[in-house]
Amino acid sequence: MSVSLIIGGQWGDEGKAKIIDYLARDADYVVRYQGGANAGHTVVVDGKRFAFHLLPSGLLYPKVTCLLGGGMVIDPIALSKEIDGVVAEGIEVKGRILISEQAHLVLPYHVLVDGASEAKLGARSIGTTRKGIAPAYTDKASRRGVRVGDFLRSRSELEQLLTQKIREGNKALRQLGASPLPVGKTVAELLRVKKRLEPMITDTRLTLWSALDKKKDILLEGAQGSLLDIDHGTFPYVTSSNPTVGGAIVGTGLPAHALGRVIGIFKAYCTRVGNGPFPTEDVRKKGDQIRKLGGEYGTTTGRARRCGWFDAVAARTVVRLNGITDVALTKLDVLDTFDDIKVCTSYRCGKKRLEYFPNDVRALERCKPHYEVMPGWKETTNRADRAELPAKAAAYVGFLEELIGCRIDLVSLGPDRNAMIRFSSRRDRGGSGVPLTGDLPG
Ligand code: GDP
Ligand code: IMO
Ligand code: MG
């Protein structure tokens, strides 16, 4: 199969970009399908760090064409700046970036509305990235949004449309007690970036269908993570799109049967940035240690990420939800120095034992994780001369495989492109999922 989907298995920042970069060496297309500049995707090559927000992480390979799919919300000013940044790094972008005309625009007032709404919510805030994501998807759902394809209208028509939208946005800003935008200046800036982006705008569905016909290799790059999915995540503490498998279909226009591998990316532990339930969070010394060793600070906002232990209840739910066929486990090296490592194998919710993740946050808040403790391996895993994992590290990975019911194929041992090991498990389980046992939530 020529289409592989890469999906975040937790609450984002699982190291998706590192895996995309690893797999993109054989790809023809790398395609983002949802989200926007809330994503922060880091690739490290020979010690040099690249952070992508709107651009797909395959851009570092010259033969890869990068598509920004129709399910995205795109801040054109941020995109233009991001393109400037990669060009300054000497990366050739000509003809290599295509933007779907179906994607919606994140306009400057969306960003300000996001910040002002969060400030108004105070202690009940979601902890968004303040990149205008929810306001832009709100306008899309209420059929008020402006699409990337609108950039192709005549200049006078577009100027009129943008002026009207900025005025509407200013009304919303005033209602939130925030300062309005200068209309003329904002429209002028949008018209400037539109000129630059115009040659990249196209019907990316046709590009992908043609690529399918030619049996090209296509990688679909999920942003955020399955537990942040607006339908399947910890609502309302979620993002406003579908990072899960359905989002990839809707957000690209590819047929479902085209999907071959569905690769779930999981960290060897768990993190979350922003608010909302996180059953295996460790707010004590070990959590701080994970944060320090793993450099767990946001790529987009710089915020400290909340840290905790691998949650097999959440992970096995995510495997089922997405039909994950194989898993890449990242950041195993971060656990190298721990004496022992906790893994949550089930939840206790009152008198019930749960093996699957309840989707109601109130139920989730009542759940207490049940842990099993694995011995640490206390060896440096990220060594050039290493072809296999230390036995105790392999036992840890094997235990996770068993718990989540899916083969772990790749294990990442450091930020750099080459710090990767193929893991061959004793079993070849595929992605059938573990049997539904234990009590059902309710
Ligand atoms: P993404 O949003 O899922 O692409 O992940 P981020 O880029 O936001 O965060 C992952 C961070 O971990 C980045 O700084 C990566 O360079 C780094 N990283 C990725 N894989 C590994 C790994 O296996 N080990 C270590 N130590 N760092 C890693
Ligand atoms: P990548 O692609 C981690 C979180 C925010 C907040 C919630 C809603 O790098 O994995 P939003 O700005 O989307 O309205 O915020 O979602 N969030 C992420 N957390 N990684 C991300 O992206 C995220 N994108 C959004 O912190 O809790
Ligand atoms: Mg990230």
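Enquirer: Any chance you could explain the site of ligand 1 here in plain terms?
Expert: Lining the immediate environment of ligand 1, one finds 19 residues, of which Lys16, Gly40, Thr42, Asp333 and Ser412 sit closest. Here Gly15 contributes a backbone N or O atom positioned 2.9 Å from an oxygen atom of ligand 1. Bound to the protein, ligand 1 loses 92% of the 590 Å² it would expose on its own. Where the shell around ligand 1 is concerned, the elements lending two or more residues are helix H1 (16-24) and strand S3 (41-45). Tallied by class, residues from the shell around ligand 1 come to five nonpolar, seven polar and seven charged.

Enquirer: I would appreciate a short explanation of the pattern of salt bridges in the present structure.
Expert: Pairing between side chains becomes possible if they bear opposite charge and their charged atoms approach one another. Taken as a whole and judged by the stated rule, the model has 27 salt bridges. As a salt-bridge pair, Glu89 and Lys48 come within 2.9 Å of each other at their nearest N and O atoms. With Glu89 in the loop between helix H2 (76-88) and strand S7 (97-100) and Lys48 in strand S4 (residues 48-52), this residue pair connects regions lying 41 residues apart in the sequence. Arg305 is paired through a salt bridge with Glu296; the nearest N and O atoms lie 2.7 Å apart. As far as the burial class goes, Arg305 and Glu296 line up, both buried. Among the ionic contacts, a cluster of salt bridges with common partners joins Asp13, Lys267, Glu296, Arg305 and Lys331.

Enquirer: Mind showing me how you'd approach unusual backbone geometry here?
Expert: Negative phi values dominate among residues other than glycine, just as trans dominates among peptide bonds. Note the cis peptide between Phe235 and Pro236, where omega equals 5 degrees. Along the chain, Pro236 falls in the loop between strand S10 (218-221) and helix H8 (245-250). Of note in the backbone geometry, Lys331 takes a positive phi value of approximately 60 degrees without being a glycine. One non-glycine residue, Lys378, lies in positive phi territory at about 50 degrees. If you trace the backbone, Lys378 turns up in the loop between strand S18 (368-375) and helix H12 (391-404).

Enquirer: How do you make sense of helix H10 (residues 312-322) when you look at a structure like this?
Expert: Working note: α-helix, 3.6 residues per turn, so residues spaced by three or four point in the same direction. Judged by how many residues are buried, H10 sits mostly within the fold: nine of 11 residues are covered. Turning to H10, its buried residues are Ala312, Val313, Ala314, Ala315, Arg316, Thr317, Val318, Val319 and Asn322. A distance of 3.0 Å separates the backbone nitrogen of Val313 from a side-chain oxygen at the start of H10, and that oxygen is part of Asp311. Gly323 lies just past H10 and shows a positive phi near 60 degrees.

Enquirer: Hey, could you run me through the sheet that holds strand S1 (residues 3-8) in this one?
Expert: Strand pairs in the sheet, formed through backbone hydrogen bonds, run parallel or antiparallel to each other. The sheet built from 10 strands is open, its strands ordered S9-S7-S5-S2-S10-S1-S11-S15-S19-S20 with mixed pairing. Unpaired on one side and paired on the other, strand S9 (201-202) and strand S20 (420-422) mark the two borders of the sheet. Relative to strand S15 (residues 326-330), strand S11 (residues 259-267) is paired through five bridges, and the arrangement is parallel. Along S15, the bridge assignment pairs Lys267 with Thr330.

Enquirer: Would you mind going over the pairing of strand S19 (residues 408-412) with me for this structure?
Expert: Regular strands have side chains that alternate between both faces of the sheet. The element S19 is extensively covered by neighbouring structure, given that five of its five residues are classed as buried. Direction of pairing for S15 relative to S19: parallel, over a ladder of three bridges. Each residue of the ladder has a partner; that of Ala328, found in S19, is Leu410.

Enquirer: Help me understand the site of ligand 2 in this model?
Expert: Around ligand 2, a shell composed of 21 residues is seen, among which Asp13, Lys16, His41, Thr129 and Thr239 lie nearest. The separation between an oxygen atom of ligand 2 and a polar main-chain atom of Gly40 is 2.9 Å. Gln224 places a main-chain nitrogen or oxygen 2.8 Å from an oxygen atom of ligand 2. Tallied by class, the residues present in the shell around ligand 2 amount to eight nonpolar, 10 polar and three charged. A domain-level breakdown of the shell around ligand 2 finds at least three residues from each of domain 1 (104-199) and domain 2 (268-442).

Enquirer: Explanation requested: the coordination of the magnesium ion (ligand 3) in the structure shown.
Expert: Coordination angles at a metal have ideal targets, namely 109.5 degrees for four tetrahedral donors and 90 or 180 degrees for six octahedral donors. For the magnesium ion (ligand 3), the full set of protein donor atoms is Asp13 (OD) and Gly40 (O), at a range of 2.0 to 2.2 Å. With a gap of 27 residues between them, Asp13 in the loop between S1 and H1 and Gly40 in the loop between strand S2 (29-32) and S3 connect regions that are remote in the sequence.

Enquirer: Can you help me understand helix H3 (residues 108-121) in this one?
Expert: Here H3 contains 14 residues, and its C-alpha end-to-end distance of 21 Å stays within 8% of the 20 Å for a straight helix at 1.5 Å per residue. Pro108, Tyr109, His110, Val113, Asp114, Gly115, Ala116 and Glu118 are the residues of H3 that are buried. Residues of H3 that are buried in the fold lie against H2, strand S8 (104-105), helix H4 (133-141), helix H5 (155-175) and helix H6 (183-197). After H3 finishes, the residue Gly122 shows a positive phi value of roughly 55 degrees.

Enquirer: Is there a simple way to think about the environment of Asn170 in this case?
Expert: With respect to the helices and strands, Asn170 occurs in helix H5. The exposure class of Asn170 is buried, given its relative accessible area of 4%. A sequence separation of 61 residues divides Asn170 from Tyr109, and the C-alpha atoms of the two residues are 7.0 Å apart. The contact partners of Asn170, leaving out residues within four places of it in the chain, are Pro180, Leu181 and Val183. A distance of 2.7 Å separates a polar atom in the side chain of Asn170 from the backbone nitrogen of Leu181.

Criteria and cut-off values
- Sequence order sets the numbering: in each chain, residues are counted from 1 along the sequence as written.
- A letter from A marks each chain and a number from 1 marks each ligand, given out in the order of writing.
- For this predicted model, a pLDDT threshold of at least 70 governs which residues receive local features, and a threshold of 80 or more governs which side-chain atom pairs are given and counted, while totals over whole chains, interfaces and linings are taken from all residues.
- Excluding hydrogens and water, the side-chain values take into account all heavy atoms of the structure.
- When at least one non-hydrogen atom of a residue lies within 4 Å of a molecule or strand, that residue is treated as near it.
- Here a polar contact means two N or O atoms within 3.5 Å. Within protein one must be a hydrogen donor candidate and the other an acceptor candidate, and residues neighboring in sequence count only if both atoms are side-chain atoms.
- Only the protein chains shown count as cover for residues, and all accessible areas are computed by the Shrake-Rupley method using a 1.4 Å probe.
- Numbering goes from the N terminus for both helices and strands, where a helix is a DSSP run of H or I of at least four residues and a strand is a run of E of at least two.
- For this scheme, ten residues count as nonpolar: Ala, Val, Leu, Ile, Met, Phe, Trp, Tyr, Cys and Pro. Four count as charged, namely Asp, Glu, Lys and Arg, and the remainder, Gly too, count as polar.
- Salt bridge, as applied in this entry: a Lys or Arg side-chain nitrogen positioned within 4 Å of an Asp or Glu carboxyl oxygen.
- Buried means the residue's accessible area, taken with a 1.4 Å probe over protein chains only, is under 20% of the maximum for its type, while exposed means over 50%, and partly exposed covers the values in between.
- Two strands are counted as paired when DSSP detects at least two bridges linking them.
- Here the bounds of each domain stem from an automatic or database domain assignment.
- Any nitrogen, oxygen or sulfur atom within 2.8 Å of a metal ion counts as a donor, with the limit raised to 3.2 Å for Na, K and Ca, and since water is left out, coordination shells can look unfinished.
- By definition here, a helix of n residues has an expected span of 1.5 Å times n minus one.
- Any pair of residues with heavy atoms lying within 4.5 Å of one another is described as a contacting pair.

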